[in-house]
Amino acid sequence: MKTVLTGLGALAAACLAVAPADADTLKAIRDRGKIICGTSTGVAGFSTQDANGRWQGFDIDICRALAVAIFNDTEKAAFVPLTSKDRLIALQAGEVDVLPRTTTWTLARNTGQGVTFTGVNYYDGQGFMVPKKLGVTSASKLDGASICVAQGTTSELNLADYFRRTKMKYEVAAFGTAEDALKAYESGRCDAYTTDVSALSANLLKFRDPSEHLVLPEVISKEPLGPWVRSGDDTWFNLVRWTLYVLINAEELGVTKANVKELAETSANPEIRRFLGKDGNYGEGLGVTNDWAVRIVAAIGNYGESFERNLGMSSPMKLQRGPNALWTEGGLQYSPPFR
């Protein structure tokens, strides 16, 4: 098994004092003075660097929320770009504390690999992109097509399952990274490119003329995405899981970046009072202060605000909430109760 060093650079030398699976990860992070998060090498809306090199995106918000919970500072977060095939190895090896990086929750990954899924921050599914000039408007017309795909992803297995299930033939062209697979597709080496639908939408933004490409309507898989941690540290697992639920529960309760501090002082709603640390000691039970939810929402906003800013109609992605709407709005997002 190779050691994952790609993309670490100077950050690796400075920050790789990460706790092993059976250690106290939260203490190691506090001692180090920052949290180290595994991110993608660049997926629009989820994790990209701006013109100044600062990481931003929907997955990045999870890491910055953790930095706020621990340090009350969104900048106490460092980011390590990881390819699809290297991401879980890096987490297993202790090179990152948490992996909030478009990684699907599957049975095989959750058993016997030393990593644990914490919760779904984005419900996705796999699809196909084709050049419009190909004249294909449905995945059912891809019989005999060559398909570009990234290695080390669930997309490879889903692709094989789909063509076996539909009894169609295809030729796979697998590449080491999603970027290489996309470049191969754009250069005409493949008839189609397959990955999660959200990533297909992000990739359209990279083309000189997005109108020349079509995302086919079929969704061929379930891809629940969310943060991963190493197994064996329940305290850290719980803090990561419930930090995600802070964002979702805030939206459910109508707590926003703009009103959270006022509600913390004035609300008589018992659910809001528990959530914002006015009643009970729930934050302390997770190893942080009782006002952790107030600090997170004040810095990041709630789940809906993060979605809209990074992925929604106010962003270049223009994605609908769909299954990522709250359960009260016909979606699947749902927080356990803070009690």
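The preceding data block contains the structure.
Residues numbered from 1 in each chain as written. Predicted model: local features only at pLDDT ≥ 70, side-chain atom pairs only at ≥ 80, totals over all residues. Heavy atoms only, no water.

*Asks:* Which residues make up the packing of helix α3 (residues 58-71) against helix α13 (residues 292-300), and what values go with them?
*Replies:* Running from amino to carboxyl end, α3 crosses α13 at an angle of 135 degrees, the nearest separation of the two axes being 9 Å. With respect to each other, α3 and α13 are oriented oblique. Regarding α3 and α13, the two cross each other, and that crossing is right-handed. Contacts from Asp-61, Arg-64, Ala-65, Val-68 and Ala-69 in α3 reach Trp-292, Arg-295, Ile-296, Ala-299 and Ile-300 in α13. Grouping the constituent residues of the contact of α3 with α13 by class yields 7 nonpolar, no polar and 3 charged. (Axes fitted to C-alpha atoms, helices over the stretch in contact; angles between N-to-C directions. Helix = DSSP H or I, 4+ residues; strand = E, 2+ residues; numbered from the N terminus. Parallel < 35°, antiparallel > 145°, perpendicular 65-115°, else oblique. Left-handed = near helix turned anticlockwise from the far one by under 90°. Contact = heavy atoms within 4.5 Å. Nonpolar A, V, L, I, M, F, W, Y, C, P; charged D, E, K, R; others polar.)

*Asks:* Just give me the short version of the state of the cysteines, but keep the residues and values in it.
*Replies:* On inspection of all chains with the given rule, the structure shows 2 disulfides. Bridging Cys-37 to Cys-63, the disulfide has an S-S length of 1.7 Å. Taking the sign of the torsion about the S-S bond as the criterion, the disulfide between Cys-37 and Cys-63, at about 70 degrees, is right-handed. Residue Cys-37 is located in strand β1 (residues 35-39), and its partner Cys-63 is located in helix α3; the two are separated by 26 residues in the primary sequence. For the pair Cys-37 and Cys-63, a shared accessibility class is recorded, and that class is buried. Covalent S-S linkage joins Cys-148 and Cys-190, the inter-sulfur distance amounting to 1.8 Å. Disulfide Cys-148-Cys-190: the torsion about the S-S bond is 70 degrees, which places it as right-handed. Residue Cys-148 is found in strand β8 (residues 145-150), and its partner Cys-190 is found in the loop between α7 (178-186) and β10 (192-196); the two are separated by 42 residues along the sequence. The two residues Cys-148 and Cys-190 agree in class, both being buried. (Disulfide = S-S within 2.5 Å. Buried < 20%, exposed > 50% of the residue type's maximum accessible area, 1.4 Å probe, protein only.)

*Asks:* Requested: an account of the packing of aromatic side chains, with residues and values cited.
*Replies:* Across all of its chains, the model carries 20 aromatic pairs by this definition. Consider the rings of Phe-58 and Phe-307, whose centres lie 5.9 Å apart with planes at 85 degrees: the pair is edge-to-face. Taken as a pair, Phe-58 in helix α3 and Phe-307 in helix α14 (residues 303-310) lie far apart in primary sequence, 249 residues in all. In this structure, Phe-58 and Phe-307 share a single accessibility class: buried. (Phe/Tyr/Trp six-rings, centres within 6.5 Å; stacked < 30°, edge-to-face > 60°.)

*Asks:* How would you sum up unusual backbone geometry? Please name residues and give values.
*Replies:* Most peptide bonds take the trans form, and the phi angle of most residues other than glycine is negative. Of note in the backbone geometry, Thr-102 takes a positive phi value of approximately 25 degrees without being a glycine. Within the element layout of this structure, Thr-102 appears in the loop between α4 (87-92) and α5 (107-110). Phi is positive for Lys-167, close to 60 degrees, though the residue is something other than glycine. Its place among the elements puts Lys-167 in the loop between α6 (154-166) and β9 (170-175).

*Asks:* Before we move on, can you summarise the pairing of β1 with the specific residues and values?
*Replies:* Along any regular strand, the residues point their side chains to alternate faces of the sheet. In terms of burial, β1 is a largely internal element, 5 of the 5 residues being buried. Residue alternation in β1 divides its side chains into two sets, Ile-35, Cys-37 and Thr-39 and Ile-36 and Gly-38, and both sets are buried. Pairing of β1 with strand β4 (residues 77-81) involves 5 bridges; the strand directions are parallel. Directly across from Thr-39, in β4, lies its bridge partner Pro-81. (Pairing = 2+ DSSP bridges.)

*Asks:* Help me get a handle on helix α9 (residues 234-253), residues and values and all.
*Replies:* Taking 1.5 Å of rise per residue, the 20 residues of α9 would be expected to cover 28 Å, and the 27 Å separating its terminal C-alpha atoms lies within 8% of that figure. In the stretch just after α9, Gly-254 is the one whose phi turns positive, near 75 degrees. (Expected span 1.5 Å × (residues − 1).)

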